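Letter by letter, the chains look like this.
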Amino acid sequence: MISTARRPDDAAGDADVVRRIRAGDRSAVDDLYERFRRPAFALARRILGDDALAEDVLQEVFLSVWRDPAAFDRGRGSVASWLLAVVHHKAVDAVRREESQRRRQAQAGDELVLDAPTATRDVEEEAWSRMVAEQVRSAMGLLPAGQREALTLAYYGGYTQREVAALTGTPLGTVKTRMLAGMRRLRQELGGPPGGGALGDAVTVEESQA
């Protein structure tokens, strides 16, 4: 998934690039793209299943960074975890747009009386998904920066513990400890049983790969 391991000093270089963007250096956006093009594209491609859509998402992501570089808060994690979380969010939005467009096209010739129940279920499912996602984001915000960073890369980015260690320049043992502690805290905050839910399943699989 990751073509080259990131060195411990890469995080400082990433933050320096973001500082240059904040200062209005247009070339810094190109530098940030070169640093994260491969992992960002791999993540978007995995979610979307389409190269062209993945490229569109990357353009949208890096344009948003240029427009609002202040969105990055160093106190909440590394540039890598923040940027990949943005890629994940925008890729999921793109999936929803594509699915919505396909549904509209498929239902264009249906009668309104048949469309109504389906539309209602779609709205209910989307509302439920958004509520769960918001609960997870809120709970993640309560975690210490190191735990939040590791879980963000694993849960949103789909990276293994070894890849999280390479991305953040952190020892593998430390990554494992942070993820385990973070998961315990999340389960408490979300009120679920140990190991329960989609996030618990993701980390259970992750632990088995270690």
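An unreviewed UniProt entry annotates the chain as RNA polymerase sigma factor of Blastococcus deserti. Its UniProt record, at the heading Sequence similarities (unreviewed entry), says of the chain: "Belongs to the sigma-70 factor family. ECF subfamily."

**A closer look at the overall build of the chain**
Helices and strands together make up the secondary structure of the chain, namely 9 helices and 0 strands. When each of the 210 residues of the chain is scored for burial, the buried share is 35%. Pairs at least 24 residues apart make up 63% of the contacts formed inside the chain by residues separated by at least 6 positions. Roughly 11,700 Å² of accessible area belongs to the chain as shown, and the carbon and sulfur atoms make up 52% of that amount.

**As for the confidence of the model for the chain**
Of all residues in the chain, 70% have pLDDT values of 70 or greater, and the mean over the chain is 75. pLDDT under 50 marks residues 193–198. Its contacts with residues more than four places away, or in other chains, come to 5 contacts. For residues 200–210, every residue scores under 50 in pLDDT, and the model assigns this stretch 18 contacts once sequence neighbours within four places are set aside.

**Considering the packing of aromatic side chains**
Under the criterion given, the structure shown has 2 aromatic pairs. Between Tyr 33 and Phe 62, the aromatic rings sit 5.3 Å apart at their centres with planes inclined by 75°, giving edge-to-face as the arrangement. Placement of Tyr 33 in helix 2 (residues 26–48) and of Phe 62 in helix 3 (residues 51–67) is noted, with a sequence separation of 29 residues between them. Residue Tyr 33 is classed as partly exposed on the basis of its relative accessible area, which comes to 24%. With 5.3 Å between their ring centres and 45° between their planes, Phe 72 and Trp 82 make a pair best called tilted.

**Some remarks on helix 8 (residues 172–190)**
With 19 residues, helix 8 should cover 27 Å at 1.5 Å per step; its first-to-last C-alpha distance of 27 Å lies within 8% of that length. Inspection of helix 8 places Val 175, Met 179, Gly 182, Met 183, Leu 186 and Arg 187 among the buried residues, and these make up the whole buried set. Down the axis, helix 8 shows its buried residues gathered within 135° of arc, on one side only. Opposite the buried face of helix 8, by more than 90 degrees, sit the exposed residues Thr 177, Arg 184 and Gln 188. Once helix 8 finishes, Gly 191 follows within two positions and takes phi at roughly 70°, a positive value.

**So, the nonpolar core**
Judged by nonpolar contacts, the single largest core of 44 residues is most densely connected at Leu 32, Phe 62 and Leu 83. Put simply, the parts of the chain that give this core at least two residues each are helix 1 (10–22), helix 2, helix 3, helix 4 (79–107), helix 5 (112–140), helix 6 (145–155), helix 7 (161–168) and helix 8. For this core, the element with the highest residue contribution is helix 4, accounting for 9 residues. Setting aside residues up to four positions removed in sequence, Leu 83 forms contacts with Leu 32, Phe 36, Val 61, Phe 62 and Val 65.

**What to know about the pattern of salt bridges**
Enumeration according to the criterion identifies 7 salt bridges in this entry. Close ionic contact of Asp 14 with Arg 35 constitutes a salt bridge, the shortest N to O distance being 2.6 Å. Taken together, the residues span a long stretch of sequence, with Asp 14 in helix 1 and Arg 35 in helix 2 at a distance of 21 residues. Classification of Asp 14 as buried rests on a relative accessible area of 2%. Its relative accessible area of 33% is what places Arg 35 among the partly exposed residues. Here Asp 16 makes a salt bridge to Arg 19, at a shortest N to O gap of 3.4 Å. Here Asp 16 and its partner Arg 19 are both found in helix 1, 3 residues apart, which amounts to about one turn of the helix. Using a relative accessible area of 34% as the deciding quantity, one classes Asp 16 as partly exposed.

Conventions adopted
Residues numbered from 1 in each chain as written. Predicted model: local features only at pLDDT ≥ 70, side-chain atom pairs only at ≥ 80, totals over all residues. Heavy atoms only, no water. UniProt positions renumbered as here; feature names shortened; annotations may be inferred. Helix = DSSP H or I, 4+ residues; strand = E, 2+ residues; numbered from the N terminus. Buried < 20%, exposed > 50% of the residue type's maximum accessible area, 1.4 Å probe, protein only. Contact = heavy atoms within 4.5 Å. Areas by Shrake-Rupley, 256 points an atom, 1.4 Å probe, with all protein chains shown as cover. pLDDT = per-residue confidence, 0-100. Phe/Tyr/Trp six-rings, centres within 6.5 Å; stacked < 30°, edge-to-face > 60°. Expected span 1.5 Å × (residues − 1). Arc of directions from axis to C-beta. Core = buried A, V, L, I, M, F, W, Y, C linked by side-chain atoms within 4.5 Å. Salt bridge = Lys/Arg side-chain N within 4 Å of Asp/Glu carboxyl O.

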